[in-house]
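Overview (structure and organization)
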Amino acid sequence: MWDKSGNLLALFRGHENAVTSAVFSPDGSQILTASYDGSARLWDAKGNLLVVFQGHEESVESAVFSLDGSQILTASWDGTVRLWDTKGNLLAVFQGHDAMVNNAVFSPDGSQILTASRDGTARLWDVSAAIVAYAPEKTLNEGIQLTQQGTIELRQLAIRKLEESLELYREDNNHVKVAQILLSIGNIHANFGQFQTALDFYNQALPISQQTGSQATEAAIFNSLGQLYNELADPQNALDFYNQALPLLYQLNDKGGAATIFNNMAATFITLGQQENALDSYKQALTISRSGGNLAAETSTLIGMGSIYTTSKDWSSALNTYKQALSISRYLNDQVKETTILNQIGKVHASSGENSTAQDYYNQALPLSRRLGYKSEEANILYNQATLNRRQNNLTAAKTEIETAINIIEQLRTQIASQQLRQSYFARNQDYYQLYIDLLMQLHQQNPNKGYDAQAFHASERSRARSLIELLTEANADIRQGVNPQLLEQERTLTQQLNDLEYRKYQLLSTQHSQTELDDIQQKIDTQLNQLNQLEAKIRIASPRYAELKYPEPLTLQQIQQQVLDEDTVLLEYSLGEDRSYLWAVTKDNITSYQLPPRSEIETAAKAFLSQTTYRDAAFGEIIPASNQLTQLILPNLAHLSQKRLLIVPDGQLHYIPFSALSINPSDYQPLLTKHQVIHLPSASTVAINRNQLTQRTTAPNTLAIIADPIFSPDDNDIIGKTNPPSNNNRGTENLASLSLERSATTSDIEFKRLPFTRTEADTILQLLPGKSSVSFFEFDANLNTVKRPDLSNYQIIHFATHGVLNPDYPELSGLVVSLVDRQGNSQNGFLRLNDIFNLNLPAELVVLSACQTGSGENVKGEGIVGLTRGFMYAGSPRVIASLWNVNDESTAELMKLFYQKYLQENLPPAEALRQAQLAMWQSENIDWRNPYFWAAFTLQGEWR
């Protein structure tokens, strides 16, 4: 700027390319410039930059003031004109020209604008209408800008802005934008650790993006869903979503998006322990991101590769890779990634023994995570700090840090409505509790009188069976009451469709089929399961009773001693750790803790013992050494166990072990049950909580309902009514094996054969009930409709004698098999799945599952066995008798006869009746039946009173 004499007054420097126009404001106090660099700039008369107007995709040809100086108009080669206020806020965009706009001016009153373009047209526009039309976009842009800011408060404000724009776009029926905004809101909630809320937004956005054909948005939603499920420790679903995103991105030629997907897939492969697949994915991501100049994707790739180097203890490569990533993240001002990188660099230095350097990086990462509201990373940083302080013997500081981290994990966990996702998330974070327990037990060793062992025991209770505790609470609250009937009808429909698919799979497996056919139906089952899980989460959120629900906390040592234990009972609770394990022996007035060997050593011995007990021909000379080895590792206090009753809360592989079959004599086999009643529990707290919830319940009026001897094939018609089993005379071990059928079936061996001894078993039990009310359902009557009859809730004992199905990959699809054909020989659905069991109303005193592996299931870290037992507890039974392995048909019939004799005729409690029946089998004149294989599979889980 010059005066009239040619003297330079001010220099306006800052544009990165040629300046195309410069004008004064109407009052002469400001200068507006436009440039080929795609921006316009507002200056004061001294050359100080006041505002930059950015947003055009190409050069800005002109920039002018309105006559009152309150607004600014910019025209661009990108074919648009933009209206701004003088603070740089975009008010409207005028789109319609087919070529560059080289000029734009205000009308004298400012109500209209006139534009001229190289497309050969001039256009007149209404300013007010344009501002109204642009309001949703303006609000959206404000929300997006706030999303990129670094504080919790600004991100919360971003959500409000995005929600405002969402409503505006909905009013305008702009479904493309609606899907994009729902995705953006979901992403913010995911960063806050509000996983269920994020999932709800993604599930709203996905069908809208698909209906509108918005492939870029659809791919982004699949990516976000994959990240969410990986965070919730459901890697298979995560991979499925990523694999749906990739083809869309290839069609769009979106290299940056494809690189991001490969990064995220690699992270999921790491979760699955597939390091080679992870490294391959990272290499693909790095090649794509660098060729496309996508720095954000490159940063993610470098972070992932750093984690692989860390896992392989290649500290130098890890540090080099992380520092490259840190440099790029800071250049991009990506503070979320910066937090993760700082934390990981600290972890590498800690692993290398550079403790002070590690702490420096943690101290940078922690406040950053808190400012961002990045809760899951904050918890991880605290965990790493606690690990470091523990290594330096700063146990008190470590204790404070891990307690804070666990509080965050528990807070995030409770925000997940889906019990399945809540369970998997909790399993993923079990290391936090293990570190906490280890710290407390170290403190106990240093200060044995300060009660640290009691705190460690309480931490153990906090770390296990939380989903079961919550499920039992929900069952008592009847959370479906008051829910929209349409949601409940959708649930029934999805459940029925899932059952139909499973039955079609059974039919397919029973005939010749191709792998393609099997994969196709399995994919449909997976999709149906996901939809059902999401719907059940939606039902929880919509339930008035769920909103009011107060989940009980796991009990403390004192509460367990008061509410669970009596003088005749000792609780043995295990916690298996990587370096060392622990056992707490708790009586009504005392606690004793023991340090045990590492998890790997105990689980190796447990598997060896289990292999002997599940082998029908195992000799006692083989069983005893396996038993001795395991007993020495996990029962150091065996000689001092004077109590009659042992409550076992196992961990890891110990969930599958029949403790009652462990020998108390190292040279001559004498099972533990000769001296002790053995009860298996998922946690001690579940007993007390279940008792409290069932105190007001009245006992059912009738005694026994028994479902047995179902028909599995039309060929069984030939033997209807022919239920007499083969003669017992002159049978050796080989004959016993050939004449007995095992009550088992898996998805790979799906053939179901009729079980003749189940009818004998049922008839024998019914004979023990003269004059008592009972009902029985055999053959065709033992069907799915019978099991779901409302009047079964009027019986104290529900007894199933049939095949069991264990699905280790999808425990919710494990179940019992009832009649698969009707009286006319037509096929019908006869699979009682875990999902079905949860919807039953069976307030029985006892459920007996006289079938294979009904007490087994998926062993989920922190939760224990997820299988049929918890389903029947949810349905209303405080105790369940179930089997740990594939049981023998004939010996099971004998065991059940003995059990019911003790239970119904001698009025022994179920736990003691089972013990006496198993003792009788062990002492049997039939030498074969003395083998634990024939009697030890059955355990009582739950209430023993």
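Residues numbered from 1 in each chain as written. Predicted model: local features only at pLDDT ≥ 70, side-chain atom pairs only at ≥ 80, totals over all residues. Heavy atoms only, no water.

Right, let's talk about the overall build of the chain for a bit. Looking only at helices and strands, one finds 32 helices and 28 strands in the chain. Considering only intrachain contacts with a sequence separation of at least 6, the fraction spanning at least 24 residues in the chain is 64%. Summed over all atoms, the accessible surface of the chain reaches about 38900 Å², with 45% contributed by carbon and sulfur. (Helix = DSSP H or I, 4+ residues; strand = E, 2+ residues; numbered from the N terminus. Contact = heavy atoms within 4.5 Å. Areas by Shrake-Rupley, 256 points an atom, 1.4 Å probe, with all protein chains shown as cover.)

Below, the discussion takes up the UniProt feature "repeat: WD" (unreviewed entry) in the chain. In the UniProt entry, the feature "repeat: WD" (unreviewed entry) is given for residues 12-44, 53-85 and 94-135. Helix makes up 0% of residues 12-44 and strand 55%, whereas the separation of the span's terminal C-alpha atoms amounts to 9 Å. With 0% helix and 61% strand, residues 53-85 has end C-alpha atoms that lie 10 Å from one another. (UniProt positions renumbered as here; feature names shortened; annotations may be inferred.)

Note that an α-helix has 3.6 residues per turn; residues three or four places apart therefore point the same way. Between its first and last C-alpha atoms helix H14 (residues 395-414) spans 28 Å; for 20 residues at 1.5 Å apiece the expected length is 28 Å, and the two agree. Taken residue by residue, H14 has Leu395, Ala398, Lys399, Glu401, Ile402, Ala405, Ile406, Ile408, Ile409, Glu410, Leu412 and Arg413 as its buried positions. (Expected span 1.5 Å × (residues − 1). Buried < 20%, exposed > 50% of the residue type's maximum accessible area, 1.4 Å probe, protein only.)

A cluster of nonpolar residues, Val105, Leu114 and Leu124, forms a patch on the protein surface that exposes about 260 Å² of accessible area. Positionally, Leu124 belongs in strand E11 (residues 122-126). Residue classification places Leu124 among the exposed residues on the basis of a relative accessible area of 57%. (Patch = residues over 30% accessible without salt bridge, like charges linked within 9 Å, V, L, I, M, F, W, Y side chains within 5 Å. Salt bridge = Lys/Arg side-chain N within 4 Å of Asp/Glu carboxyl O.)

On to the sheet that holds strand E10 (residues 112-117), then. Strand order in the open sheet made by the 3 strands is E9-E10-E11, with antiparallel pairing throughout. At either end of the open sheet lies a strand with only one pairing partner, and these are strand E9 (101-106) and E11. Going across the sheet, the axis of each strand differs from the next one's by a mean of 20°, ignoring polarity. As paired strands, E9 and E10 are joined by 5 bridges and run antiparallel to one another. Bridged to Asn103 within E10 is Ala116. (Pairing = 2+ DSSP bridges. Axes fitted to C-alpha atoms, helices over the stretch in contact; angles between N-to-C directions.)

With 5 of its 5 residues buried, strand E27 (residues 879-883) lies for the most part within the structure. Residues Arg879, Ile881 and Ser883 line one face of E27 and the alternating positions Val880 and Ala882 line the opposite face, and both faces are buried. As defined by bridge partners, E27 adjoins strand E28 (residues 938-942) across 5 bridges and the pair is classed as antiparallel. By the bridge assignment, Ala882 is partnered in E28 with Thr939.

Along the chain, the position of Ile881 falls in strand E27. Take Ile881: its relative accessible area is 0%, and that puts it in the buried class. Expressed as a C-alpha distance, the spacing of Ile881 and Leu940, which sit 59 residues apart in the sequence, is 4.5 Å. Other than its neighbours up to four places away in sequence, Ile881 contacts Leu846, Val847, Val848, Leu849, Phe899, Leu914, Phe938, Thr939 and Leu940.

For helix H12 (residues 355-372), built from 18 residues, the straight-helix expectation of 26 Å at 1.5 Å per residue is met to within 8% by its first-to-last C-alpha distance of 26 Å. Within the span of H12, buried status applies to Ala358, Gln359, Tyr361, Tyr362, Ala365, Leu366, Leu368, Ser369 and Leu372. At the exit of H12 stands Gly373, carrying a positive phi of roughly 70°.

With that out of the way, let us pick up the packing of aromatic side chains. With the rule as written, the count across this model stands at 17 aromatic pairs. Centre to centre, the rings of Tyr383 and Tyr432 are 4.9 Å apart; their planes meet at 40°, and the pair counts as tilted. Of this pair, Tyr383 sits in helix H13 (residues 375-391) while Tyr432 sits in helix H16 (residues 430-446); the two residues are 49 residues apart in sequence, bridging distant segments of the chain. Per residue, the accessibility class of Tyr383 equals that of Tyr432, and both read buried. Taking 4.9 Å as the distance between ring centres and 75° as the angle between the ring planes, the aromatic pair formed by Phe899 and Tyr900 counts as edge-to-face. Both residues of the pair, Phe899 and Tyr900, count as buried. In textbook terms, an aromatic cluster arises when at least three aromatic residues are bridged by ring pairs, as seen for Phe222, Tyr229 and Phe241. Sitting over the face of the ring of Trp944, Arg691 holds its NZ or CZ atom 4.9 Å from the ring centroid. (Phe/Tyr/Trp six-rings, centres within 6.5 Å; stacked < 30°, edge-to-face > 60°. Lys NZ or Arg CZ within 6 Å of the ring centre and 35° of its normal.)

Moving on to the packing of helix H4 (residues 195-212) against helix H5 (residues 215-231). For the pair H4 and H5, interaxial distance at closest approach is 9 Å and the crossing angle is 155°. Taken as axis vectors, H4 and H5 run roughly antiparallel relative to one another. As H4 runs across H5, the sense of the crossing is left-handed. Here H4 contributes Phe195, Leu199, Tyr202, Asn203, Ala205, Leu206, Ser209 and Gln210 to the contact with H5, which in turn contributes Thr217, Glu218, Ile221, Phe222, Ser224, Leu225, Leu228, Tyr229 and Glu231. Across the contact of H4 with H5, the residue classes break down as 10 nonpolar, 5 polar and 2 charged. (Parallel < 35°, antiparallel > 145°, perpendicular 65-115°, else oblique. Left-handed = near helix turned anticlockwise from the far one by under 90°. Nonpolar A, V, L, I, M, F, W, Y, C, P; charged D, E, K, R; others polar.)

A few words on the packing of helix H7 (residues 255-271) against helix H8 (residues 275-291). How two helices pack is summed up by the angle between their axes together with the distance between the axes. Contact geometry for H7 and H8: axes closest at 8 Å, N-to-C directions at 160°. Taken as axis vectors, H7 and H8 run roughly antiparallel relative to one another. In this structure, H7 crosses over H8, and the sense of that crossing is left-handed. Across the interface between the two elements, Lys255, Ala258, Ala259, Phe262, Asn263, Met265, Ala266, Ala267, Phe269 and Ile270 of H7 pack against Gln275, Asn277, Ala278, Ser281, Tyr282, Gln284, Ala285, Ile288, Ser289 and Ser291 of H8. Of the residues in the contact of H7 with H8, the class split is 12 nonpolar, 7 polar and 1 charged.

The next thing to look at is the side chain of Ser660. Here Ser660 is to be found in the loop between strand E15 (645-649) and strand E16 (677-680). If near-sequence neighbours (up to four positions away) are discounted, Ser660 is found in contact with Pro671, Leu672, Leu673, Val678, Gln918 and Trp935.

The next subject is the pattern of salt bridges. Evaluation of the coordinates by the stated rule reveals 29 salt bridges. Residue Glu298 is joined to Arg290 by a salt bridge in which the shortest nitrogen-to-oxygen separation is 3.1 Å. Note on Arg290: relative accessible area 44%, which makes it partly exposed. Glu603 serves as the salt-bridge partner of Arg599, at 3.2 Å between the closest nitrogen and oxygen. With Arg599 and Glu603 both in helix H23 (residues 599-613) and 4 residues apart, this pair spans about one turn of that helix. Owing to a relative accessible area of 25%, Arg599 belongs among the partly exposed residues under this scheme.

Mapped onto the fold, His56 is located in the loop between strand E4 (49-54) and strand E5 (60-65). Since its relative accessible area comes to 9%, His56 is described here as buried. A polar atom in the side chain of His56 sits 2.8 Å from the side chain of Thr74. Polar side-chain contacts of His56 include one of 3.1 Å to the side chain of Asp78. (Polar contact = N/O pair within 3.5 Å; in protein donor to acceptor, adjacent residues only side chain to side chain.)

The strand order E5-E6-E7-E8 describes an open sheet built from 4 strands, whose pairing is antiparallel. Across the chains shown, the open sheet's two edge strands, defined by having one partner strand only, are E5 and strand E8 (90-95). Mean inter-strand twist for the sheet, computed between neighbouring axes without regard to direction, equals 15°. For strand E7 (residues 80-85) and E8, the ladder comprises 5 bridges, and the chain directions are antiparallel. Among the inter-strand pairings, Val81 is bridged to a residue of E8, identified as Phe94.

Let us look at the environment of Asn294. Its location among the elements puts Asn294 in the loop between H8 and helix H9 (295-311). Taking the C-alpha atoms as reference points, Asn294 and Gly256, 38 residues apart in sequence, are found 5.7 Å from one another. Beyond its immediate stretch of four places on either side in the chain, Asn294 contacts Gly256 and Ser289.

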